[in-house]
Amino acid sequence: MFDNSTKKPQKYKVKRTRHYKPYRDLMAAAYHALEDAKEGRPGSHYYQLTVIIFSALAVEAVANTFGEELIEDWQDSDRIKTWEKLNLVSENLGVPYDEGCEPWSSVRWLISVRNRLVHGRPQAVNFNKVLTKVQLDAIARTAPKSKIEEQISLKNSERAFGAVDSILDLFIESLPEKEQHRFWGDGWSGSTSLLRDES
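Residues numbered from 1 in each chain as written. Predicted model: local features only at pLDDT ≥ 70, side-chain atom pairs only at ≥ 80, totals over all residues. Heavy atoms only, no water.

### Comments concerning the overall build of the chain
Test applied: Counting from the N terminus, the helices are DSSP H or I runs at least four residues long and the strands are E runs at least two residues long. Note that the radius of gyration is over C-alpha atoms, with the globule rule given as 2.2 Å times the number of residues to the power 0.38. By the convention used here, residues are in contact when the closest approach between their heavy atoms is within 4.5 Å. Only the protein chains shown count as cover for residues, and the accessible areas themselves come from Shrake-Rupley with a 1.4 Å probe. We treat Lys and Arg as the positive residues and Asp and Glu as the negative residues; His and chain ends play no part in the count. By convention, the charge on Lys lies at NZ, on Arg at CZ, on Asp at CG and on Glu at CD.
Looking only at helices and strands, the chain has eight helices and two strands in total. What you see for the chain is a C-alpha radius of gyration of 24 Å, clearly larger than the 16 Å of a compact globule of 199 residues, by over 25%. Projected onto its principal axes, the C-alpha positions of the chain cover 90 × 55 × 30 Å. Once local pairs closer than 6 in sequence are excluded, the contacts in the chain between residues at least 24 apart make up 71%. Accessible area of the chain: about 13,900 Å², with a carbon and sulfur share of 50%. One way to put it: in the chain the 28 positive side-chain charges average out to a point 6 Å from where the 29 negative ones average out.

Encoded structure:
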């Protein structure tokens, strides 16, 4: 019987290159949370919250991805506000930016909600209304909501994700067709070669 226990293991030289785009992971997290939120199971409030937070993170990552690729000295933009970054990228791509129109107005709302959540402060919540018995029964086991909690809903989750997705589409579609693949995909390439044993 042949004993190969003394034989050296083969070694390979492996090279891989990938141009990672964080917005893709953030959008995927928001998308899957939105799908879970639509199920309406107990705790869906937290899925809705996840969609809103990850959409807000994704919109800045979208601005940074396009800015880094297309605008010289983009690294100097770290201290400017997200909506200002979006405006710079929009100008560079020739995409009309109007805060009063969609999807820009929804993104302004999204950034505002994100800021209120991240920089959250305690809030006294008072509820004082005259209700019918039917109305009382409907809210009997429901705590009154703060102003920020009122923003967390399935409708607003869909609004948040849809706004970021629309901006991404606007930016990509404004590029020449041959450049669009760089932003849709997150592909990688590589090579592997067997190293010769020189012993």
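### Observations concerning the nonpolar core
The condition is simple: Buried Ala, Val, Leu, Ile, Met, Phe, Trp, Tyr and Cys residues that are joined via side-chain atoms within 4.5 Å together make up what is termed a nonpolar core. To sort residues, take the accessible area from a 1.4 Å probe on protein chains only and compare it with the maximum for the residue type: under 20% means buried, over 50% means exposed, and anything in between is partly exposed.
Counting residues in each nonpolar core, the largest one holds 39 residues, and the members touching the most others are Phe-66, Leu-86 and Phe-171. Looking at this core, the elements that each hand over two or more residues are helix H1 (22-39), helix H2 (44-70), helix H3 (82-93), helix H4 (104-118) and helix H7 (154-173).

### Quick notes on H1
Test applied: A helix is expected to span 1.5 Å for every residue after the first.
With 18 residues, H1 extends 27 Å from end C-alpha to end C-alpha; this agrees with the ideal 26 Å at 1.5 Å per step. The secondary structure elements touched by the buried residues of H1 are H2, H7 and helix H8 (177-184). Positive backbone phi, approximately 70°, marks Gly-40, located one or two places after H1.

### Topic: the pattern of salt bridges
What counts is decided by this rule: Note on definitions: salt bridges are taken to be side-chain nitrogens of Lys or Arg within 4 Å of carboxyl oxygens of Asp or Glu.
By the definition in use, this model includes eight salt bridges. A salt bridge links Glu-60 to Lys-85, with the nearest nitrogen and oxygen atoms 2.8 Å apart. Taken as a pair, Glu-60 in helix H2 and Lys-85 in helix H3 lie far apart in primary sequence, 25 residues in all. Residue Glu-60 is classed as partly exposed on the basis of its relative accessible area of 26%. Measuring nitrogen to oxygen at the nearest pair gives 2.8 Å for the salt bridge that ties Glu-69 to Arg-182. Note that Glu-69 is positioned in helix H2 and Arg-182 in helix H8, a separation of 113 residues in sequence. Here Glu-69 falls in the partly exposed class, since its relative accessible area comes to 28%.

### A word on the confidence of the model for the chain
Inclusion rule: Residue-level confidence of the predictor is summarised by pLDDT, bounded by 0 at the bottom and 100 at the top.
Per-residue confidence for the chain gives a mean pLDDT of 91; residues scoring 70 or more make up 96%. Per-element mean pLDDT across the chain ranges from 86 in H8 up to 97 in H7.

### A few points about the environment of Leu-195
Assignment of secondary structure puts Leu-195 in the segment after strand S2 (188-194). On the basis of relative accessibility, which here comes to 44%, the residue Leu-195 falls in the partly exposed class.

### Overview of the packing of aromatic side chains
Applicable threshold: Stacked, tilted and edge-to-face are the three classes applied to pairs of Phe, Tyr and Trp rings, where Trp contributes its six-membered ring and a pair requires centres within 6.5 Å; stacked means planes under 30 degrees apart, edge-to-face means over 60, and tilted covers the rest. A ring is considered to have a charge above it if a Lys NZ or an Arg CZ atom is located within 6 Å of its centre and within 35 degrees of its normal.
Counted under the stated rule, the structure contains five aromatic pairs. Ring geometry for Phe-66 versus Phe-171: centroids 5.2 Å apart, planes at 65°, classification edge-to-face. Here the residue Phe-66 occupies a position in helix H2, and Phe-171 occupies one in helix H7, the gap between them amounting to 105 residues. Neither Phe-66 nor Phe-171 differs from the other in exposure class; each is buried. Centre to centre, the rings of Trp-104 and Phe-171 are 6.2 Å apart; their planes meet at 40°, and the pair counts as tilted. A residue pair is termed long-range when its members are at least 10 positions apart, and Trp-104 in helix H4 and Phe-171 in helix H7 qualify at 67 residues. Each member of the pair, Trp-104 together with Phe-171, is buried. Members of the aromatic cluster, joined through ring pairs, are Phe-66, Tyr-97, Trp-104, Phe-171 and Phe-183. The ring of Trp-83 has Arg-108 lying over it, and the distance from NZ or CZ to the ring centre is 4.1 Å. In this arrangement the basic side chain of Arg-159 is found over the ring face of Trp-109, its NZ or CZ atom lying 4.4 Å from the centre.

### Regarding H3
For H3, spanning twelve residues, the distance from its first C-alpha to its last is 17 Å, which sits close to the expected 16 Å at 1.5 Å a residue. If you follow the buried residues of H3, they end up packed against H2, H4 and H7. With its phi angle positive at about 75°, Gly-94 sits one or two positions after the end of H3.

### A few points about a nonpolar patch on the surface
Which entries qualify depends on this criterion: Like-charged residues are merged into a patch within 9 Å and nonpolar side chains (Val, Leu, Ile, Met, Phe, Trp, Tyr) within 5 Å, provided each residue has over 30% relative accessible area and no salt bridge.
Among the surface-exposed residues, Phe-127, Leu-131, Leu-136 and Ile-139 lie close enough to one another that they form a single nonpolar patch of about 320 Å² accessible area. Residue Leu-131 is classed as partly exposed on the basis of its relative accessible area of 31%.

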